[in-house]
Amino acid sequence: MYTITLNRNSSELTCDIFPSLEVTNTAQICLLSLQTNNSIPNIGPSCNTIGFRNMIGQNDYVIIPTGSYELDNLESVIQKMMTDYISWFELKADTSTLKCILSCSHEEDFSVENSIASILGFRNVLYTTGMTHESENTVKIMKINSIKVECNLITRSFCDGAPSQIIHELYPTI
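Quick notes on the rules
Residues numbered from 1 in each chain as written. Predicted model: local features only at pLDDT ≥ 70, side-chain atom pairs only at ≥ 80, totals over all residues. Heavy atoms only, no water. Core = buried A, V, L, I, M, F, W, Y, C linked by side-chain atoms within 4.5 Å. Buried < 20%, exposed > 50% of the residue type's maximum accessible area, 1.4 Å probe, protein only. Helix = DSSP H or I, 4+ residues; strand = E, 2+ residues; numbered from the N terminus. Contact = heavy atoms within 4.5 Å. Pairing = 2+ DSSP bridges. Polar contact = N/O pair within 3.5 Å; in protein donor to acceptor, adjacent residues only side chain to side chain. Axes fitted to C-alpha atoms, helices over the stretch in contact; angles between N-to-C directions. Salt bridge = Lys/Arg side-chain N within 4 Å of Asp/Glu carboxyl O.

Draft legend 1. Representation of the nonpolar core. In this structure, Phe52, Ile64, Ile78, Phe89, Phe110 and Leu120 are the most contacted members of the largest nonpolar core, which totals 26 residues. Residue assignment for this core shows that the elements contributing at least two residues are β1 (49-53), α1 (71-81), β3 (89-94), β4 (99-104) and α2 (117-120). In this structure, phenylalanine 110 is in contact with Ile50, Leu102, Ser115, Ile116, Ala117, Leu120, Phe122, Arg123, Asn124, Val125 and Tyr127, ignoring residues within four places of it in sequence.

Pasting the structure below:
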């Protein structure tokens, strides 16, 4: 019996065993446990900015720190970082349609560079004040839908009808 432990901060963990294991036709392999925390950032440098138009038509930018956010956390962070002239800002989930509901005392500009629009399901445009806006698309708050554990000793496993070496698959929640 062999136990292999991998500890890294990477999206891909590999382990090369040398010399290779001698495996017979009747051998069995199993995954005893997989321990992970959900720290996959959904907000990063390429999608972390929202613009707010002030009264003279200029944008003030909120740049959200890299991290793993749910919509209510994202709303709180934006509220703490936005300028004082914005009196209210709301970001809510419509659990029936999986879309985002946005309202604000000022115009929100999602056409800015590195906009969070695609994560929230919005287009990269300017949204007017005094209205509640529903995103055109569903919220894509999670970049990772599934985590697959593969082992090159596995056979007779299939993924979408094709041979695969998957020993375990899990679906993280946020």
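Okay, back to it.
Draft legend 2. Here's a closer look at the sheet that holds strand β6 (residues 126-127). The strand order across the open sheet built from 4 strands is β2-β1-β5-β6, with neighbouring strands paired in antiparallel fashion. The open sheet terminates on both sides in strands that have one partner only, identified here as β2 (59-63) and β6. One ladder, built from 2 bridges, connects β1 with strand β5 (residues 108-109); its direction is antiparallel. Residue pairing for β5: glycine 51 is matched across the bridge by aspartate 109.

Draft legend 3. Molecular detail of the environment of histidine 106. Inspection of the secondary structure puts histidine 106 in the loop between β4 and β5. When its relative accessible area of 8% is taken as the criterion, histidine 106 is described as buried. Each residue touching histidine 106, except ones within four places of it in the same chain, is listed here: Arg53, Asn54, Met55, Tyr85, Ile86 and Thr129. Side-chain polar atoms of histidine 106 contact the side chain of serine 105, separated by 3.1 Å.

Draft legend 4. Molecular detail of the sheet that holds strand β7 (residues 132-134). The sheet built from 3 strands is open, its strands ordered β3-β4-β7 with antiparallel pairing. Strands at the two margins of the open sheet, each flanked by one partner only, are β3 and β7. Neighbour-to-neighbour, the strand axes of this sheet turn through a mean angle of 20 degrees, independent of strand direction. By the bridge criterion, 3 bridges tie β4 to β7 in an arrangement that is antiparallel. Paired with isoleucine 101 across the bridge in β7 is glutamate 134. Against the sheet, α1 makes contact with β3 and β4, and its axis sits at roughly 175 degrees relative to β3, the strand it touches most.

Draft legend 5. Structural view of the pairing of β2. Bridge count for β1 against β2 is 5 bridges, and the pairing is antiparallel. For arginine 53, the partnering residue across the bridge sits in β2 and is asparagine 59. Counted along the chain from β1 to the antiparallel partner β2, the turn is 5 residues long, and its residue glycine 57 has a positive phi close to 85 degrees.

Draft legend 6. Fine view of the pattern of salt bridges. Taken as a whole and judged by the stated rule, the model has 3 salt bridges. Here arginine 53 ties to aspartate 109 by a salt bridge, and the two come within 3.5 Å at their closest N and O atoms. Here arginine 53, found in strand β1, pairs with aspartate 109, found in strand β5; they are 56 residues apart in sequence, far enough to count as distant. According to the relative accessible area criterion, aspartate 109 is buried, its value standing at 3%. We note a salt bridge from glutamate 75 to lysine 92, for which the minimum N-O separation is 3.2 Å. Residue glutamate 75 is found in helix α1, and its partner lysine 92 is found in strand β3; the two are separated by 17 residues along the sequence.

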